[in-house]
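Here is how the chains run, residue by residue.
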Amino acid sequence: MQLAGEKKEGNSWHRFGRLRVCFRGAEMVVSGSPNGSQPTSQPAKKYGITKPISVAGPTEADLQRNIELEKFLIDSGLYESKEEGARREEVLGRIDQVVKGWVKLLTRQRGYTDQMVEDANAVIITFGSYRLGVHGPGADIDTLCVGPSYVNREEDFFIVLHNILSEMEEVTELQPVPDAHVPVMKFKFQGISIDLLYASISLLVVPEDLDIANGSVLYDVDEQTVRSLNGCRVADQILKLVPNVEHFRTTLRCLKFWAKRRGVYSNVTGFLGGVNWALLVARVCQLYPSAIPSMLVSRFFRVYTQWRWPNPVMLCSIEENELGFPVWDPRRNPRDRFHHMPIITPAYPCMNSSYNVSISTLRVMMEQFNHANRITEDIELNKAQWSCLFEPYRFFEAYKNYLQVDIIAADAVDLLTWKGWVESRLRQLTLKIERDTNGMLQCHPYPHEYADTSKPCPNFAFFLGLQRKEGVRGQEGQQFDIRGTVDEFRQEINMYMFWKPGMDIYVSHVRRKQLPAFLFPDGHKRSRMLRHVSLDAEKSCEEASGFQSGSAEKNAKRKADSETMDLKSTRPEKQAFISPQPPESASPESCASRSGITSHTSFNDRVIVESLTMVDRDSSSEMRSSGHLDSEKCTLANDVEMVNTMHESINLEEQASVSEHSLPGVGNKVKLLDLVEKPYYQMESVASCAVACSEFKGTNQIGLNGEDLLFVDTMSVKAGIMNVCTNQAPAHGTSIAR
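Residues numbered from 1 in each chain as written. Predicted model: local features only at pLDDT ≥ 70, side-chain atom pairs only at ≥ 80, totals over all residues. Heavy atoms only, no water.

- Looking at an unreviewed UniProt entry, one finds the protein named polynucleotide adenylyltransferase, with Ziziphus jujuba as its source organism.
- The protein has a UniProt comment under Sequence similarities (unreviewed entry) that states "Belongs to the poly(A) polymerase family."
- In its Subcellular location (unreviewed entry) section, UniProt records this for the protein: "Nucleus". (UniProt positions renumbered as here; feature names shortened; annotations may be inferred.)

Spelled out as structure tokens, the structure:
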């Protein structure tokens, strides 16, 4: 018997006693009641832009796994003590006093009235992990200083406030990064790391109770200020859009810990940062509104192993506003079509928070997602423990060839500043290698720095793994000549406007068996491991749990494709050093006056890289014994397909800024995947400067075809001053395709 208003087409009806349940995709409608009362219709609440995949709550097994997960997170030291929390609040109060005094000082210097000086104000607002409530011991605090319209960022913030902070005993490791996408000043205040942004809003007096969520704060401000304000606005929106804040926080804390252990937590090097992980987790919370953290962690990996990038992840519809700021919109903005992993912020103006992701870093993250998905499946089958999920990634056993990027400076303070600049440009090296080898040479930047204490001067080293693109066999003797690529990268690095004598950078190739000893503090190098996933760690976890998963069958041998790569670094010319001072003090005339000395210093190194090898993906997977898990995975695949399809065919009503009718495609549907072409490359701003080079010698011993040894003097530079003339960089937002 069909109830009134009941539709059979496309619906699946089931009877449970007196209850009749209709499943319409992910929506559940209940008719009838246990006591025979009037039938009711209660559709599942919709979070985000799509219906939930599942509204099922936890089972007894899920609750037990959740207890084990939370215990593991506590035992791992991810929660700070009450004492440290109180100290953070005290530090934030002191910084608030400093910026208030700074604004009053500038107000008085600009000749305002005494009343205006008394009313002058600035406020400190937190964002990021601290505002989301997922920060741990020793974590930095992301803070935003909001000041009045007459206090600017270029001089007042990065020079005047910088000088005030540099004279305070509580402040150490002060590092300004004015050229970042979001300009920031990094420092430690009483030992607590602070990332301080600045936003000048169109008010003469900033109220103490400023509502950052109000759109009026965006009136008459530039795009850098909008990006600075968006951190706080996005954090507030995330907390409003998730079904359960506490479940979201625990899951995010867990996923951030996992990402750091697996080497994929770093926005600056092309992976994902804190806000990116928060948005990904929040979306999974929307898709599983009744799930608890142990369920959400496993669902996270199941969803994103099947996500078809570059379909965007969005918590809500993209809104447009009369203010006219650009929003993420591949229909109107051609550069948005080249984003590989769009994760869209929920606050106006909606932006892609993961624009740094490249083809190579997306590949690495997808490998890690698949690896974690296999482990969480084992955890649900009681074949593995939570500790297996967080096994650290052994990067220096994963590749046969590496690029080593060494940086040095005259002292520790200069090295800190120099490191921030180089690290922010490392992703450009990855992009350039992808570009110049047509994607055939894959590059994996590792988001950690290492120091060689045996060197006489302060130094850091970064490493990038290299391998041939998987599934493509190269010709015998094929070479990847990236000498020009590396030389171009080094020239751009040496355009740093705050360069000081002693700052230098060197790029060299190193094979795995000749990695420097300072990478292995335990005094030995571990045995070889497979490229994609830490199968040895996975096997050890299974054995520790008393199960055998047949992982011995997964130990595929590497297939070596002989190829060589030439890498030659020519000493680039450097630019004139400009000390941090008001812009008007650095004139073309002053730069020209330093052009008297023109000595040329260069060094060449030629490195022949032994054949790059690859590992075939494991094509055989263990059959799962749990029918419940297989059924859920099948349902998930269909539902994720539905979510992806909804993103691929976004209509005008649901998504005003990404209209399917305005995008090129067949009929009324378009796949954002079809819009992705070769990534764009944007040149950063450069400035003219003169460079003094210091002596720093070191010899790398590089193997040649595994037999003869080629000694390359990669760090021999003589003192000299050089002059470089540069053209004006393209305006912000200009993309230069190569």
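Still more ground to cover, so stick around.
## What to know about the packing of aromatic side chains
- Using the criterion set out here, one finds 35 aromatic pairs in the structure.
- For the ring pair Trp307 and Trp309, a centre distance of 5.9 Å and an interplane angle of 40° mean the geometry is tilted.
- Given a relative accessible area of 4%, Trp307 falls into the buried group.
- Both rings, one in Trp418 and one in Tyr496, keep their centres 5.9 Å apart while their planes meet at 40°; by these two values the pair is tilted. Pair noted here: Trp418 is in helix H12 (residues 412–436) and Tyr496 is in the loop between helix H13 (483–493) and strand E13 (504–511), with a separation of 78 residues, a long-range link. As far as the burial class goes, Trp418 and Tyr496 line up, both buried.
- Grouping aromatic residues by their ring pairs yields a cluster made of Trp258, Trp277, Phe300, Phe301, Tyr304, Trp307, Trp309 and Phe369.
- Between Lys260 and the ring centre of Tyr265, over which it is positioned, the NZ or CZ distance is 4.9 Å.
- Stacked on the ring of Trp421, the Lys or Arg Arg425 has its end atom at 4.1 Å from the ring centre. (Phe/Tyr/Trp six-rings, centres within 6.5 Å; stacked < 30°, edge-to-face > 60°. Buried < 20%, exposed > 50% of the residue type's maximum accessible area, 1.4 Å probe, protein only. Helix = DSSP H or I, 4+ residues; strand = E, 2+ residues; numbered from the N terminus. Lys NZ or Arg CZ within 6 Å of the ring centre and 35° of its normal.)

## A look at the sheet that holds strand E4 (residues 123–127)
- If you trace the 5 strands from one edge of the open sheet to the other, you get E4-E5-E8-E7-E6, paired in mixed fashion. For this open sheet the edge positions go to E4 and strand E6 (171–177), each flanked by a neighbour on one side alone. With direction set aside, neighbouring strand axes in the sheet form an average angle of 25°.
- With 7 bridges connecting them, strand E5 (residues 141–147) and strand E8 (residues 192–200) associate as parallel partners. Opposite Thr143, over in E8, you have Leu196 as the bridge partner. (Pairing = 2+ DSSP bridges. Axes fitted to C-alpha atoms, helices over the stretch in contact; angles between N-to-C directions.)

## Things to note about a nonpolar patch on the surface
- Side chains of Tyr112, Leu204 and Val205 sit close together on the surface and give an oily, nonpolar patch of about 240 Å² of accessible area.
- Residue position: Leu204 is located in the loop between E8 and helix H6 (223–241).
- When its relative accessible area of 47% is taken as the criterion, Leu204 is described as partly exposed. (Patch = residues over 30% accessible without salt bridge, like charges linked within 9 Å, V, L, I, M, F, W, Y side chains within 5 Å. Areas by Shrake-Rupley, 256 points an atom, 1.4 Å probe, with all protein chains shown as cover. Salt bridge = Lys/Arg side-chain N within 4 Å of Asp/Glu carboxyl O.)

## What to know about the pairing of E6
- Burial runs high along E6: 5 of the 7 residues are buried.
- Alignment of E6 against strand E7 (residues 184–189), held across 5 bridges, turns out to be antiparallel. Bridge assignment links Val177 to a residue of E7, and that residue is Val184.
- In sequence, E6 turns back onto E7 through a hairpin of 6 residues.

## Overview of the nonpolar core
- Counting 75 residues, the largest nonpolar core has Ile238, Phe248, Trp258, Trp277, Phe300, Tyr304 and Trp309 as the members making the most contacts within it.
- Looking at this core, the elements that each hand over two or more residues are helix H1 (60–75), H6, helix H7 (245–261), helix H8 (274–287), helix H9 (293–305), helix H10 (359–380), helix H11 (386–389) and strand E11 (459–468).
- Excluding anything up to four places from it in sequence, Trp277 contacts Leu252, Lys256, Trp258, Ala259, Val264, Tyr265, Leu272, Phe300 and Phe369.
- With 31 residues, the next largest nonpolar core counts Leu92, Phe158, Met168 and Ile192 among its residues. (Core = buried A, V, L, I, M, F, W, Y, C linked by side-chain atoms within 4.5 Å. Contact = heavy atoms within 4.5 Å.)

## A look at H12
- An ideal rise of 1.5 Å per residue puts 36 Å on 25 residues; H12 measures up with 35 Å between its terminal C-alpha atoms.
- The sharpest bend along H12 comes to roughly 30°, located at Arg425.
- Of all 25 residues in H12, 22 are buried; the element is thus mostly enclosed.
- Put simply, Asp411 is the residue that caps the front of H12, since its side-chain oxygen is 3.1 Å from the backbone nitrogen of Val413.
- Positioned one or two residues after H12, Asn438 has a phi angle of 55°, which is positive. (Expected span 1.5 Å × (residues − 1). Bend = angle between axes of the 7 residues up to and from the residue. Polar contact = N/O pair within 3.5 Å; in protein donor to acceptor, adjacent residues only side chain to side chain.)

## A short note on the side chain of Thr225
- Note that Thr225 resides in helix H6.
- The buried category is assigned to Thr225, whose relative accessible area is 3%.

## Quick notes on the packing of H7 against H9
- Put simply, H7 and H9 touch, their axes get as near as 9 Å, and they point 50° apart. Comparing the axis directions of H7 and H9 gives the class oblique. Of the two possible hands of crossing, H7 and H9 adopt the one that is right-handed. The residues of H9 that touch H7, namely those facing His247, Thr250, Thr251, Cys254, Leu255 and Trp258, are Pro293, Leu296, Val297, Phe300 and Phe301.
- Along the lines of polarity and charge, the residues of the contact of H7 with H9 split into 8 nonpolar, 3 polar and no charged. (Parallel < 35°, antiparallel > 145°, perpendicular 65-115°, else oblique. Left-handed = near helix turned anticlockwise from the far one by under 90°. Nonpolar A, V, L, I, M, F, W, Y, C, P; charged D, E, K, R; others polar.)

## Considerations on the pairing of E8
- Burial analysis of E8 places 8 of its 9 residues in the buried class, which makes it a mostly covered element.
- Sheet topology note: the E7/E8 ladder contains 5 bridges and is antiparallel. When the sheet's bridge partners are listed, Met185 is paired in E8 with Leu196.
- Where E7 folds back onto E8 in an antiparallel hairpin, the turn is made up of 2 residues, including Gln190, whose phi is positive at roughly 55°.

## A closer look at the sheet that holds strand E9 (residues 401–408)
- Spatial ordering of the open sheet is given by E10-E11-E9-E13, a layout of 4 strands whose pairing is antiparallel. Edge strands, defined here as strands with exactly one partner in the open sheet, are strand E10 (441–445) and E13. Within this sheet the neighbouring strands show an average axis-to-axis angle of 25°, counted without direction.
- By the bridge criterion, 5 bridges tie E10 to E11 in an arrangement that is antiparallel. Opposite Pro445, over in E11, you have Leu464 as the bridge partner.
- Sitting on the sheet, H10 touches E10 and E11, and the angle it makes with E10 is about 70°.

## Re the environment of Ile124
- Within the secondary structure, Ile124 sits in strand E4.
- Since its relative accessible area comes to 18%, Ile124 is described here as buried.
- Separated by 32 residues in the primary sequence, Ile124 and Leu92 place their C-alpha atoms 7.8 Å from one another.
- Aside from chain neighbours lying at most four places away, what touches Ile124 is Ile95, Asp96, Val99, Thr143, Leu144, Cys145 and Leu196.

## Some points on the confidence of the model for the protein
- Residues of the protein with pLDDT of at least 70 account for 64%, and the chain-wide mean is 73.
- In the model, residues 529–540 has pLDDT below 50 throughout and makes 44 contacts with residues more than four positions away in sequence or in other chains. (pLDDT = per-residue confidence, 0-100.)

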